[in-house]
Amino acid sequence: MFETERCSMNVFKKTDHADVKKLFLNEDVRKYLGGIRDEVSISGALNSMLNPPDNAFYWVVREKQKDKFIGLVSLGLHHDGILHEISYQLLPNWWGKGYGKEAVQLIIRFALNDLKLKKIVAETQSANKSSCKLLEKLGMQLEYKVIRFGAEQAVYSIKSS
């Protein structure tokens, strides 16, 4: 378990299915992630999150005071198969309030300091200006852009010091 000033983050477990499923069914959350997912793909994703490979992690983020579901942060191999990628999805009512920054910043520190990763990346659609801004606030720098999933993706990175 991890904690920030306002968030608690626990490894994804079966009792989190219903909350995490809300992310896969929310049009706003899925706008830059390929759209709403169908039941079969949601079920597959949730099951694979229960048994991730050794190099992947999924944390459910909750508001610490009232235990309200905020979203999901993950760390796993990037499409390049070499570097680790940090990803995040938050329900819209938590956007713009600093919760994403708190949670993602903590996992970046964990990845660089505890896991001793030399570099991690984050990939988001270039059109997702809020996500790009968040990554920049976290000290990540735009490394390159690529067309993937039918849209321009911005790949950001941060290195250990």
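Heads up: these notes are all about the structure in this document. (Residues numbered from 1 in each chain as written. Predicted model: local features only at pLDDT ≥ 70, side-chain atom pairs only at ≥ 80, totals over all residues. Heavy atoms only, no water.)

### Considerations on the packing of helix H1 (residues 17–25) against helix H3 (residues 39–50)
Quick reminder of the rule: Axes here mean lines fitted to C-alpha atoms, for a helix over just the part in contact, with angles spanning 0 to 180 degrees between N-to-C directions. What counts as a helix is a DSSP run of H or I of at least four residues, what counts as a strand is a run of E of at least two, and both are numbered from the N terminus. Here is the rule for angles: anything less than 35 degrees is roughly parallel, anything more than 145 is roughly antiparallel, 65 through 115 is roughly perpendicular, and the remaining ranges are oblique. It is the rotation of the near helix from the far one that decides the hand of a crossing: anticlockwise by less than a right angle makes it left-handed, clockwise makes it right-handed. Contacts are residue-level and defined by heavy atoms, with any inter-residue pair within 4.5 Å sufficient. As a working rule, the residues Ala, Val, Leu, Ile, Met, Phe, Trp, Tyr, Cys and Pro are called nonpolar, Asp, Glu, Lys and Arg charged, and the rest polar, with Gly in that last group.
Where H1 meets H3, the closest approach of the two axes is 11 Å, and the angle between their N-to-C directions is 130°. Taken together, the axes of H1 and H3 are oblique relative to one another. Along this stretch, H1 crosses H3, giving a crossing that reads as right-handed. Contact residues: His17, Val20, Lys21, Phe24 and Leu25 in H1; Glu39, Ile42, Ala45, Leu46, Asn47, Met49 and Leu50 in H3. In terms of residue class, the contact of H1 with H3 is built from eight nonpolar, two polar and two charged.

### Looking at helix H4 (residues 99–114)
The condition is simple: Here, expected helix span is obtained from the residue count minus one, scaled by 1.5 Å. Under the scheme applied here, a residue whose accessible area is under 20% of the maximum for its type counts as buried, over 50% as exposed, and between as partly exposed, the area being computed with a 1.4 Å probe on protein chains only.
Between its terminal C-alpha atoms H4 stretches 22 Å, which fits the 22 Å expected from 16 residues at 1.5 Å a residue. Among all positions of H4, only Tyr99, Gly100, Glu102, Ala103, Val104, Leu106, Ile107, Ile108, Phe110, Ala111 and Leu112 are buried. Among the residues trailing H4, lysine 116 stands out with phi positive, at a value near 60°.

### Some thoughts on the side chain of arginine 62
Filter applied, for reference: Polar contacts, as counted here, are pairs of nitrogen or oxygen atoms within 3.5 Å of one another; within protein the pair requires one atom able to donate a hydrogen and one able to accept it, and residues that are adjacent in sequence qualify only if both atoms are side-chain atoms.
As for its placement among the helices and strands, arginine 62 is situated in strand E3 (residues 57–63). Within the local environment of arginine 62, its side chain forms a polar contact with the side chain of aspartate 16, the two groups lying 3.0 Å apart. In this structure arginine 62 touches Arg6, Cys7, Ser8, Asp16, Asp19, Asp67, Lys68, Phe69 and Ile70, once residues within four positions along its chain are discounted.

### Topic: the nonpolar core
Worth spelling out the cut-off: In these notes, a set of buried Ala, Val, Leu, Ile, Met, Phe, Trp, Tyr and Cys residues joined through side-chain atoms within 4.5 Å is what counts as a nonpolar core.
In this structure, Met9, Val20, Val73, Ile86, Ile107 and Ile108 are the most contacted members of the largest nonpolar core, which totals 45 residues. Top element by residues in this core is H4. It accounts for nine residues. The residues contacting valine 20, other than those within four sequence positions of it, are Phe12, Leu46, Met49, Val60, Phe69 and Leu72.

### Remarks on the pattern of salt bridges
Put simply, the test is: Every case where a carboxyl oxygen of Asp or Glu lies within 4 Å of a side-chain nitrogen of Lys or Arg is listed as a salt bridge.
With the rule as written, the count across this model stands at ten salt bridges. The shortest N-O distance in the salt bridge between glutamate 3 and lysine 64 comes to 3.5 Å. Taken together, the residues glutamate 3 in strand E1 (residues 2–3) and lysine 64 in the loop between E3 and strand E4 (69–77) connect sequence positions 61 residues apart. Given a relative accessible area of 44%, glutamate 3 falls into the partly exposed group.

### Focus: unusual backbone geometry
With a phi close to 60°, lysine 116 is a non-glycine residue in the positive phi region. Inspection of the secondary structure puts lysine 116 in the loop between H4 and strand E6 (119–125). For lysine 116, a relative accessible area of 59% gives the class exposed. One non-glycine residue, phenylalanine 149, adopts positive backbone phi at about 60°. Look at phenylalanine 149 and you get exposed, because its relative accessible area is 64%.

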